[in-house]
Amino acid sequence: MSATSAAPHGAEAVSIAAERRWAVVVGVIIALLVAMMVITGLHWAAMPPSRVETIDVHTLHLKGEFVEGNLGTALGEDGKVTVRLIAQQYSFVPQCIVVPAEMPVTFRGTATDAIHGFVVGTTNANTMLIPGFVATFTTSFRKPGEHLMPCHEYCGTGHEAMWARVQVLPPEEFLARARGGERLSCVPR
Ligand SMILES: [Cu+2]
């Protein structure tokens, strides 16, 4: 008799306890997510991105990696292909870039005056070039051909006339031309 009269009471107590347990679990999950947001937010605000490479705009054409003779495409002794270029109002140096197809190509570029950028045709080769910083990325081109490489950051009145060309050569042809060790470009001499 006492068991039946106590039954609804007991069930209610059980359900309240279950609700409370669930509320605590949900509370802990929310607190965890908020803590994650706060910690990662503060971390990213306080830390520079993983790789920041700076360069002195005033001397980059006089010494170091971006002197004129070092611009263009280089085949390193380790077989790595590196393209070095400079953007300035309103042109790229070199104006025509040679790269191999089907090989990883590392671009290293910077700007001398304003923020520029480039994208190579419809490929994923795409970056901003900011004075004082070296932009770098590695990509590869699937097939030989020729691409336009326009500046895609508005950089002044001559912006729409600022573009270069990229020639993607079959790997054998590129390697044959690059063996000499000098910097390659397809700028007519
Ligand atoms: Cu530009």
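Structure: above.
As a starting point, this report considers the structure included with it.

Parameters and conventions
- Residues numbered from 1 in each chain as written.
- Predicted model: local features only at pLDDT ≥ 70, side-chain atom pairs only at ≥ 80, totals over all residues.
- Heavy atoms only, no water.
- Buried < 20%, exposed > 50% of the residue type's maximum accessible area, 1.4 Å probe, protein only.
- Helix = DSSP H or I, 4+ residues; strand = E, 2+ residues; numbered from the N terminus.
- Pairing = 2+ DSSP bridges.
- Salt bridge = Lys/Arg side-chain N within 4 Å of Asp/Glu carboxyl O.
- Contact = heavy atoms within 4.5 Å.
- Donors = N, O, S within 2.8 Å, 3.2 Å for Na, K, Ca; no water.
- Tetrahedral: all angles 85-135°; square planar, octahedral: opposite > 155°, others 65-115°.
- Phe/Tyr/Trp six-rings, centres within 6.5 Å; stacked < 30°, edge-to-face > 60°.
- Axes fitted to C-alpha atoms, helices over the stretch in contact; angles between N-to-C directions.
- Core = buried A, V, L, I, M, F, W, Y, C linked by side-chain atoms within 4.5 Å.

As a further point, take the pairing of strand E8 (residues 135-140). Side chains Ala135, Phe137 and Thr139 of E8 all project onto a buried face; the interleaved residues Thr136, Thr138 and Ser140 project onto a face where none is buried. By the bridge criterion, six bridges tie strand E5 (residues 104-111) to E8 in an arrangement that is antiparallel. Bridge pairing in E8 links Arg108 to Thr136.

Our next topic: the pattern of salt bridges. With the rule as written, the count across this model stands at four salt bridges. In this structure, the salt-bridge partner of Glu65 is Arg84, at a minimum N-O distance of 2.6 Å. With a gap of 19 residues between them, Glu65 in the loop between helix H1 (2-46) and strand E1 (72-75) and Arg84 in strand E2 (residues 81-88) connect regions that are remote in the sequence. Its relative accessible area of 15% is what places Arg84 among the buried residues. Classification of Glu65 by relative accessible area gives partly exposed; the value is 23%. Several salt bridges share partner residues, and in doing so they unite Glu53, Glu65, Arg84 and Arg108 into one network.

Within the element layout of this structure, Thr127 appears in strand E7 (residues 126-129). In contact with Thr127, other than residues within four places in its own chain, are Gly117, Phe118, Ala135, Phe137 and His152.

Another aspect to go through is the coordination of the copper ion. With distances of 2.1 to 2.5 Å, the protein atoms coordinating the copper ion are His116 (ND1), Cys151 (SG), Cys155 (SG) and Met162 (SD). Coordination geometry of the copper ion: the four donor atoms subtend angles of 94 to 122 degrees at the metal centre, consistent with an arrangement described as tetrahedral. Every donor residue of the copper ion comes from the same chain, spaced as H-x34-C-x3-C-x6-M. Here His116 is found in strand E6 (residues 116-119), whereas its partner Cys155 is found in the loop between strand E9 (145-150) and strand E10 (163-169), with 39 residues between them in sequence. Using a relative accessible area of 6% as the deciding quantity, one classes Cys155 as buried.

Turning our eyes to something else, we now look at the packing of aromatic side chains. With the rule as written, the count across this model stands at five aromatic pairs. Between Phe107 and Phe137 the ring centres are 5.0 Å apart and the planes differ by 15 degrees, which places this aromatic pair in the stacked class. On the criterion of sequence distance, the pair formed by Phe107 in strand E5 and Phe137 in strand E8 is long-range, its members being 30 residues apart. Classification of Phe107 as buried rests on a relative accessible area of 1%. Take Phe137: its relative accessible area is 17%, and that puts it in the buried class. Ring geometry for Phe118 and Phe137: centres 6.1 Å apart, planes at 45 degrees, overall tilted. Remark: Phe137 occurs in strand E8 and Phe118 occurs in strand E6; sequence separation between them is 19 residues. A residue is classified by how much of its surface remains accessible, and Phe118, at 1% relative accessible area, is buried. Chaining the aromatic ring pairs together yields one cluster made of Phe92, Phe107, Phe118, Phe137 and Phe141.

Quick look at the sheet that holds E10 now. The mixed open sheet is built from three strands, whose spatial order is E4-E10-E9. Each edge of the open sheet is held by one strand with a lone partner, namely strand E4 (96-100) and E9. Looking at each pair of strands side by side, their axes are set apart by 25 degrees on average, direction ignored. Contacts from helix H2 (residues 171-178) reach E4 and E10 within the one sheet, and its direction differs from that of E4 by about 115 degrees.

This next bit is on the nonpolar core. By size, the foremost hydrophobic cluster in this structure holds 33 residues, and its most contacted members are Leu85, Phe92, Val99, Phe107, Phe118, Phe141 and Met149. One finds Leu60, Phe66, Leu71 and Ile86 within the second-largest nonpolar core, a separate group that totals five residues.

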